[in-house]
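So you can see what is in the structure, the chains are spelled out below.
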Amino acid sequence: MLHSFDKLVITMSDIFEIIAHCPLFKNYSTLQIREFLAGTNYSINRYKKNQLIFRMDQPITHVGIVLTGSVEVQKVIQSGRMINLVYKERGEIIAEGTVFSTIPTYPCQVTSRETTDILLLPKQYMFQALGCNPSLLTNLLQLMSDKLIMLNTKIELLSYCSIQSKIAFSLLHCINQNPVAQVIELPYSKKAWAEHLNVPRPSLCR
């Protein structure tokens, strides 16, 4: 089967290869992935740059896997200010924390950072598949544990009052991710880094 999106063609073999690198399907064979997809009414949608994929007030219906492009998970606080929580790229899963959630709507919004293709899996099918597949459930629990650690790091970052402290914490975190590197590579643009630190961009540049 071929999926054509504006001159870009994604074959099923491409999809299987991408999903094989998704942490949720760690140690899964191509045959197992094929059987998994065959049992669900999945869909593949294309989103333009800055287009909403999931809204905060939208009922939870799907879990997504990024096939091409990248997305940004954002939280809008009561003041109207938007906080960027994390970026997700090819092969990563989005909204995985909503599978067992009792809340009716997505807790964060997900926006495409560029032209992005998302494979959408119905939440109800994911719930059923996890119940009868221990390895899939184990992979999800590992994902959720990593997500909890990431959110704890974000909370610690936001607890610092001064911009200098936030910058230092962010740089130290990047060093810990790759302690043998001679150069710190920031995974952000200036705008994105300011949003990540929750500080004004002009102040960060100064």
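Thresholds applied
Counting from 1, residues in each chain are numbered in the order their sequence is written. Two thresholds apply to this predicted model, a pLDDT of at least 70 for residue-level local features and 80 or more for giving and counting side-chain atom pairs, whereas whole-chain, interface and lining totals are computed over all residues. As a rule here, side-chain values come from all non-hydrogen atoms in the structure, and water together with hydrogens is ignored. Here a strand pair is declared whenever DSSP counts at least two bridges between the two strands. Where helices and strands are cited, they refer to DSSP runs of H or I of at least four residues and of E of at least two residues respectively, numbered from the N terminus. Where helices are involved, their axes are fitted lines through C-alpha atoms of the stretch in contact, as for all axes, and angles between N-to-C directions lie from 0 to 180°. In this scheme, patches are assembled from residues that exceed 30% relative accessible area and form no salt bridge. Like charges are connected within 9 Å, while nonpolar side chains (Val, Leu, Ile, Met, Phe, Trp, Tyr) are connected within 5 Å. Methods summary: accessible areas were calculated by the Shrake-Rupley approach with a probe of 1.4 Å, and residue burial reflects only the protein chains presented. Here, a salt bridge means any side-chain nitrogen of Lys or Arg that lies within 4 Å of a carboxyl oxygen of Asp or Glu. Burial here depends on accessible area, computed with a 1.4 Å probe over protein chains only, as a share of the maximum for the residue type. Under 20% is buried, over 50% is exposed, and the range in between is partly exposed. By convention a nonpolar core is built from buried Ala, Val, Leu, Ile, Met, Phe, Trp, Tyr and Cys residues, the set being connected through side-chain atoms within 4.5 Å. Working rule for contacts: check all heavy atoms of both residues, and any pair within 4.5 Å makes them a contact.

**Comments concerning the sheet that holds strand β4 (residues 52-54)**
Okay, so step 1: Pairing is antiparallel across the open sheet formed by 4 strands, whose spatial order is β4-β9-β6-β7. At either margin of the open sheet sits one strand with a lone partner, and together these are β4 and β7 (82-89). If you compare each strand with its neighbour and ignore which way they point, the axes differ by 30° on average.
Okay, so step 2: As defined by bridge partners, strand β6 (residues 70-76) adjoins strand β9 (residues 109-112) across 4 bridges and the pair is classed as antiparallel. Looking at the pairing, Gln-74 lines up with Gln-109 of β9.

**Description of a nonpolar patch on the surface**
Okay, so step 1: Together, Leu-172, Ile-175, Ile-184 and Leu-186 make up a nonpolar patch on the protein surface, roughly 310 Å² of accessible area in all.
Okay, so step 2: Along the chain, Ile-184 turns up in the loop between α5 (163-177) and α6 (190-197).
Okay, so step 3: Owing to a relative accessible area of 40%, Ile-184 belongs among the partly exposed residues under this scheme.

**Details of the nonpolar core**
Okay, so step 1: Within the largest apolar cluster, 29 residues are counted, with the highest numbers of intra-cluster contacts made by Ile-15, Leu-24, Phe-25, Phe-36, Leu-37 and Leu-119.
Okay, so step 2: Those elements that place two or more of their residues in this core are α1 (12-20), α2 (30-38), β5 (62-68), β10 (116-122), α3 (123-131) and α4 (134-159).
Okay, so step 3: In terms of residue count, α1 provides more of this core than any other element does, 5 residues in total.
Okay, so step 4: Formed by 16 residues, the second largest nonpolar core is a distinct cluster that contains Tyr-47, Cys-108, Val-110 and Leu-120.

**Let's talk about the sheet that holds β5**
Okay, so step 1: Strand order in this open sheet of 4 strands is β3-β10-β5-β8, and the pairing throughout is antiparallel. At either end of the open sheet lies a strand with only one pairing partner, and these are β3 (43-47) and β8 (93-94).
Okay, so step 2: Here 2 bridges tie β5 to β8, and the two strands are oriented antiparallel to one another. Paired with Ile-65 across the strands is Ile-93, a residue of β8.
Okay, so step 3: Relative to β5, α1 is tilted by about 110°, and along the sheet it contacts β3, β5 and β10.

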